[in-house]
Amino acid sequence: MSSIIIDIILIAIILMLSYFAYRKKYLTLGGIIIAIAFGIILLIITGREYLILLLIAFFITNTATRYKIRLKIKLGLIKPNSYIRDYKNVLANGLPIFIFGLLEGIYKYEIFIYGYLIALTIFLSDTISSEIGVISKKNPRLITSFEISPTGRPGAISLLGTISGILSVVLFSIIIYFMIPLNISLFSLILILTLFSTLGNLLDSFLGATIQAIYYCEKCNQYSEEKIHICYNECRYVSGIKYVNNHVVNFVSILSVTILSIIFLSLILQ
């Protein structure tokens, strides 16, 4: 099968997945448009292997989001009959991945491959931890004090969520190893991706507990990341910086840990 036909098939898969995500209300139309643009540009500039990995990560995180979705709606974590994510989510989580993929495609430096993979696995780990952690039967604990916290509060982590995030990266690392040629062993790849993705995941939680704006819905007796809760009630401001929302926290945690990892790996892989 020729290279052009494979690329056409991949673009068709992107469009089908986008249509599915829109119909299932996983992404808004704005989010779909940005995701398609990211995917096609990565395919053209970086290569199909990187796009396939992105599609696999999308499928895994989408499945995790849909897992026990009725329980998540009942807990007030997802608004029923509405889109789960929009263009802001795509930019916050996808832009760092896209940037390092673009850098690898343009400059062909191996260090940018690690940047792409680490940004991608931070997104994977954080999403899996959040989506699986909220259904834990045990209450989560605040990352700053380890005090028991209500489910859904920014900065709250659970053992189930953390382990799920780590395991997802371990399994994803095995897929990466057989798709991307790297000059390291499988064990080293798993170690690097697990270490930095977990660091990014924990940094996301730490920033969520400290600088992210946190609100409280008096009507539902729930913490909220938004001023207007899913019940459409205006929430009371609790803590954090008002213009720092979850999107800002996601972007900062992924980008900063990825840059840190590139600096670190540049020194040890010379």
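A. Quick peek at the nonpolar core. Core analysis: the largest hydrophobic core is formed by 50 residues, its most contacted members being Tyr 116, Leu 117, Ile 118, Leu 120, Ile 176 and Leu 182. Secondary-structure elements contributing two or more residues to this core are helix H1 (3–23), helix H2 (29–45), helix H3 (48–66), helix H5 (87–107), helix H6 (110–133), helix H7 (159–177), helix H8 (186–210) and helix H9 (246–268). Looking at which element gives the most residues to this core, the answer is H6, with 14 residues. Contacts of Tyr 116, omitting those with residues within four sequence positions, involve Leu 42, Tyr 50, Leu 51, Leu 54, Ile 97, Phe 100 and Gly 101.

B. Local environment of the side chain of Ser 125. Its place among the elements puts Ser 125 in helix H6. Using a relative accessible area of 1% as the deciding quantity, one classes Ser 125 as buried. Not counting residues up to four positions away in its chain, the partners in contact with Ser 125 are Gly 165, Ser 168, Val 169, Ser 197 and Asn 201.

C. Inspection of the state of the cysteines at higher detail. Overall, the coordinates contain zero disulfides when judged by the stated rule. Cys 217 forms no disulfide, and the closest cysteine sulfur to it belongs to Cys 231, at a distance of 3.6 Å. Classification of Cys 217 by relative accessible area gives buried; the value is 0%. In this structure Cys 231 is a free cysteine whose sulfur lies 3.5 Å from that of Cys 220, the closest cysteine sulfur available.

D. Quick look at H3. Here H3 spans 27 Å end to end across 19 residues, near enough to the 27 Å set by a 1.5 Å rise per residue. Those residues of H3 that fall on the buried side of the exposure criterion are Tyr 50, Leu 51, Leu 53, Leu 55, Ala 57, Phe 58, Thr 61, Asn 62, Ala 64 and Thr 65. Its buried side turned inward, H3 meets H1, H2, helix H4 (69–74), H5, H6 and H7. With its phi angle positive at about 50°, Lys 68 sits one or two positions after the end of H3.

E. Quick look at the environment of Thr 210. Within the secondary structure layout, Thr 210 lies in helix H8. For Thr 210, a relative accessible area of 33% puts it in the partly exposed group. On a C-alpha basis, the gap between Thr 210 and Leu 199 in space is 16 Å, while along the polypeptide they are eleven residues apart. Ignoring any residue separated from it by four or fewer positions in sequence, one finds Thr 210 in contact with Thr 144 and Gly 240. At 2.7 Å, the side chain of Thr 210 and the backbone oxygen of Phe 206 are in polar contact.

Rules used throughout
Each residue is numbered by its place in its chain's sequence as written, counting from 1. A pLDDT threshold of at least 70 governs which residues receive local features in this predicted model, and a stricter bar of 80 or more applies before side-chain atom pairs are shown or counted, although totals over entire chains, interfaces and linings include all residues. Remark: hydrogens and water are excluded; side-chain values derive from all non-hydrogen atoms of the structure. The criterion is simple. A nonpolar core is a set of buried Ala, Val, Leu, Ile, Met, Phe, Trp, Tyr and Cys residues joined through side-chain atoms within 4.5 Å. Only protein chains enter the calculation, and the probe is 1.4 Å; a residue is then buried if its accessible area is under 20% of its type maximum, exposed if over 50%, and partly exposed in between. For the purposes of this entry, the term helix denotes a DSSP run of H or I that reaches at least four residues, the term strand denotes a run of E that reaches at least two, and both are numbered from the N terminus. Any two residues whose heavy atoms approach within 4.5 Å are treated as being in contact. When the sulfur atoms of two cysteines come within 2.5 Å, that pair is taken as a disulfide. Helices are assigned an expected span. That span is 1.5 Å times one less than the residue count. Within 3.5 Å is the distance limit for a polar contact, defined as a pair of N or O atoms, with the added protein rule that one can donate a hydrogen and the other accept it, and that residues adjacent in sequence qualify only through two side-chain atoms.

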